[in-house]
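# Breakdown of the fold
One letter stands for each residue in the lines below.
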Amino acid sequence: MNLPKEIESFNERIRNAINGNHRPERRIWVTSLSYCLRKTALDIYLNAYSPSRNWEARIGSALHGWLADVVGSAEFEVPVEYQIRDGWKLVGKAEAVKGPYVLEFKFKGFEGNGEGIPRKNYDLEHAEPSREWVEQINAYMGMLGKEKGYIYIFDRNGLDFRVFPVEFDETLFRRFLRRAERVIEAVEELESGKFPRWISTVGRKDWVCNRCPYRPICAEIDREELKVR
Ligand code: SF4
C-alpha cells in the first residue's frame, strides 16, 4: 500500500519505539543559551531543565497576562521551534507577535542614581536592552523568519515604558545556533561518560555560578574558586 510520506515517517517512529530504538526529540530552550552552556548541557543530560520560575519570572508572567488583556490585538506567548539537527530542536516562547514584528516585554525595577549602580538601572530614561534580551529576540526573529522586533521596557513602578527597535542580525543568529551545537556536543560527551570541561558560561558571570545547583560539581572539577569555604 502506498502511504503518504508523513504517515510513513509516523509509522517508522512507531516501529522504532516498539523495537526500543525510540529516542524522544530533545529540546534546547532559547533562554538557556544566554548564561551557562555547561549548565544547559547538564540540565538536558539530567532532564532537569525548567524555564525560570523565580519571583521575577512570575511577576513577568502576570504582567504579560495583564498586557494581553488590555492590548489584545497581538498573538501572545507564541511557541517557537527550530530544527537544529535530527533529534534536536531549539524551542522557546516569543512574548508576542504583531504582524511581521516580534515583541518582547521586560518589566524592570529601577534603583535610582546611587553609588555603584549602572546607569541603565537609574531610571527608564537611561534604560537599555541587555545583550541577552537582544540575542533572544533575535533568535525568535530567526526562528520565525521575521526581520524586525521591538523590546519594550516597562518601569514596574507605574508601568511607563520605552520601545527599542531591533533589526534581525543573521550573524548573531548563526552564533546563537553554534551555542546550541556546542550544548549538543557536551550532552553527547556526558552520555559517553566524559565531563565536558571545555564548555562554560557565556561571558563568565559569578552570579550565574553562585545560583547554580551544579556549583559543587564545577568546584570539584575545575573551579576551585567556587568551593564553599
Ligand atoms: S557552576 Fe557555573 S560553570 Fe558550573 S554549571 Fe553552574 S553556572 Fe555553569
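Residues numbered from 1 in each chain as written. Predicted model: local features only at pLDDT ≥ 70, side-chain atom pairs only at ≥ 80, totals over all residues.

If you look the chain up in an unreviewed UniProt entry, it shows as Nuclease, putative from Thermococcus gammatolerans.

### What about the packing of helix 4 (residues 131-144) against helix 5 (residues 170-191)?
Rule in force here: Axes here mean lines fitted to C-alpha atoms, for a helix over just the part in contact, with angles spanning 0 to 180 degrees between N-to-C directions. Here a strand is any run of E in DSSP of at least two residues, a helix any run of H or I of at least four, and the numbering for each starts at the N terminus. Small angles under 35 degrees read as roughly parallel and large ones over 145 as roughly antiparallel, with 65 to 115 read as roughly perpendicular and the rest as oblique. Each residue gets a C-beta atom placed from its backbone, and two residues are in contact if those atoms lie within 7 Å.
Running from N to C, helix 4 and helix 5 cross one another at 95°; their axes reach a closest spacing of 9 Å. Compared by their axis directions, helix 4 and helix 5 come out roughly perpendicular. Packed against helix 4, whose contacting residues are Glu 135, Asn 138, Ala 139 and Gly 142, the element helix 5 presents Leu 172, Phe 173 and Phe 176 at the interface.

### Focus on the site of the ligand
The test is simple: What makes a residue near a molecule or strand is its C-beta atom, placed from the backbone, lying within 6 Å of it. Charged residues are taken to be Asp, Glu, Lys and Arg, nonpolar residues to be Ala, Val, Leu, Ile, Met, Phe, Trp, Tyr, Cys and Pro, and polar residues to be all remaining types, Gly included.
The environment of the ligand is formed by 13 residues, the closest being Cys 36, Lys 39, Cys 209, Cys 212 and Cys 218. Residue contributions to the shell around the ligand peak at three residues, all from helix 2 (residues 37-45). Across the shell around the ligand, the residue classes tally to eight nonpolar, two polar and three charged.

### What about the nonpolar core?
Rules: Joining buried Ala, Val, Leu, Ile, Met, Phe, Trp, Tyr and Cys residues through C-beta atoms within 7 Å gives a set, and that set is a nonpolar core. With C-beta atoms placed from the backbone, a residue is labelled by how many other C-beta atoms lie within 10 Å of its own: buried for 20 or more, exposed for 12 or fewer, partly exposed between the two.
Judged by nonpolar contacts, the single largest core of 29 residues is most densely connected at Leu 37, Ala 41, Val 102, Tyr 140 and Val 183. Elements represented by at least two residues in this core include exactly helix 2, strand 3 (88-98), strand 4 (101-108), helix 4, strand 5 (148-155) and helix 5. Excluding residues that lie within four positions of it along the chain, Leu 37 makes contacts with Arg 179, Arg 182, Val 183, Ala 186, Ile 199, Ser 200 and Val 202.

### Side note on the packing of helix 2 against helix 5
The condition that has to hold: Crossing chirality is assigned from the near helix's rotation relative to the far helix, an anticlockwise turn below a right angle marking it left-handed and a clockwise turn marking it right-handed.
One way to put it is that helix 2 packs onto helix 5 with a least axis distance of 9 Å and a crossing angle of 50°. Classed by the angle they form, the pair helix 2 and helix 5 counts as oblique. The two elements helix 2 and helix 5 cross, and the hand of that crossing is right-handed. Contacts from Leu 37, Arg 38, Thr 40, Ala 41, Ile 44 and Tyr 45 in helix 2 reach Arg 179, Arg 182, Val 183, Ala 186, Val 187, Leu 190 and Glu 191 in helix 5. When grouped by side-chain class, the residues that make up the contact of helix 2 with helix 5 number eight nonpolar, one polar and four charged.

### Quick look at unusual backbone geometry
Comment: phi is negative for the bulk of residues other than glycine, and the bulk of peptide bonds are trans. The phi dihedral of Asn 47 falls on the positive side, at around 55°, and the residue is not glycine. Along the chain, Asn 47 falls in the loop between helix 2 and helix 3 (55-71). Asn 47 gets classed as exposed once you count the C-beta atoms within 10 Å, which come to 7. Backbone geometry places Glu 77, a non-glycine residue, at a positive phi of 50°. Of note, Glu 77 is situated in strand 2 (residues 75-85).

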